[in-house]
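Structural features, examined
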Amino acid sequence: QVLLVESGGGSVQAGGSLRLSCEASVYFYCMGWFRQAPGKEREGVATIDSLGTTNYADSVKGRFTISKDSAKNTLYLQMNTLKPEDTATYYCAAGFYDLKRGSCSDRDVSGMDYWGKGTLVTISS
């Protein structure tokens, strides 16, 4: 019954922007965006915890911004200056508080409890 629904994916040219959204059915301590390109492992993009502390992959720092609207249980990812290497299916993920898995910033794929179905982002040269 826990649902994460992404939206906002699409196809844009390099240098363009997209804004992804993720509506969650319940509150989570940790939420984040992950992406997976064809033939690649799923990787973390950005995370944000309940206090608003964020963390970004080096590859997206300065270009992507993760944010949330707690009142709406909605997560966002503003992606600017997009590059072809950003092409991937982007997944919204969420995790409950768990001391064994550390802080939200330290969590990778294994640290999340729920996943959305993904939204495809394609960046052309």
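One structure accompanies this document, and this report is about it. Within every chain, residues take consecutive numbers counted from 1 along the sequence as written. The predicted origin of the model limits local features to residues at a pLDDT of at least 70 and limits the giving and counting of side-chain atom pairs to 80 or more, whereas totals for whole chains, interfaces and linings rest on all residues. Note that the side-chain values use all heavy atoms of the structure and ignore hydrogens as well as water.

1. Here's the deal with the side chain of S21
Stated precisely, the cut-off is as follows: A helix here means a DSSP run of H or I that spans at least four residues, while a strand means a run of E at least two residues long, and both kinds are numbered starting from the N terminus. In this analysis, two residues are considered to be in contact whenever any of their non-hydrogen atoms come within 4.5 Å of each other.
Residue placement: S21 occurs in strand β3 (residues 18–24). When sequence neighbours within four positions are dropped, the list of residues in contact with S21 reads V5, E6, S7, W33, L75 and Y76.

2. Thoughts on the state of the cysteines
Just so we agree on the cut-off: Disulfides are defined in this document as cysteine sulfur pairs within 2.5 Å.
Under the defined criterion, the tally for this structure stands at two disulfides. Across the disulfide from C30 sits C104; the S-S distance is 2.0 Å. Taking the sign of the S-S torsion, 70° for the link of C30 and C104, the bridge is right-handed. Here C30 is found in strand β4 (residues 30–36), whereas its partner C104 is found in the loop between β9 (88–95) and β10 (114–115), with 74 residues between them in sequence.

3. A look at the nonpolar core
Definition in use: In these notes, a set of buried Ala, Val, Leu, Ile, Met, Phe, Trp, Tyr and Cys residues joined through side-chain atoms within 4.5 Å is what counts as a nonpolar core. Throughout, exposure labels follow a simple rule: accessible area from a 1.4 Å probe, protein chains only, divided by the maximum for the residue type, with under 20% read as buried, over 50% as exposed, and the rest as partly exposed.
Of all hydrophobic cores here, the largest spans 26 residues; its most connected members are M31, W33, L77, M79 and Y90. Mapped onto this core, the elements with two or more residues apiece are β3, β4, β5 (43–49), β7 (64–69), β8 (74–79), β9 and β11 (119–124). Look past the residues within four positions of L77 in its chain and what remains in contact with it is L18, R19, L20, W33, V45, A46, F64, T65, I66 and Y90. Formed by six residues, the second largest nonpolar core is a distinct cluster that contains F34, A93, C104 and M112.

4. As for the pairing of β5
Cut-off, in case you're wondering: At least two DSSP bridges between two strands are needed for those strands to be called paired.
Burial of β5 is extensive: five of the seven residues sit out of reach of the surface. Here β4 pairs with β5 via six bridges, running antiparallel. Its bridge partner lying in β5, F34 is registered against G44. The turn linking β4 back onto β5 is made up of six residues, and G39 within it adopts a positive phi angle of 75°. Turn length for the β5-strand β6 (residues 54–56) hairpin, with the two strands adjacent in sequence and antiparallel, is four residues, and the turn residue G52 shows positive phi of about 95°.

5. Focus on the packing of aromatic side chains
Here is the rule: Here the aromatic set is Phe, Tyr and Trp, taking the six-membered ring for Trp, and pairing holds for ring centres within 6.5 Å; pairs whose planes are under 30 degrees apart are stacked, those over 60 apart are edge-to-face, and all others are tilted.
According to the stated counting rule, one finds five aromatic pairs in the structure shown. Their ring planes at 85° and their centres at 5.2 Å tell us that Y29 and Y97 sit as a pair that is edge-to-face. In this pair, Y29 is assigned in the loop between β3 and β4 and Y97 in the loop between β9 and β10, connecting sequence segments 68 residues apart. The exposure class of Y29 is buried, given its relative accessible area of 13%.

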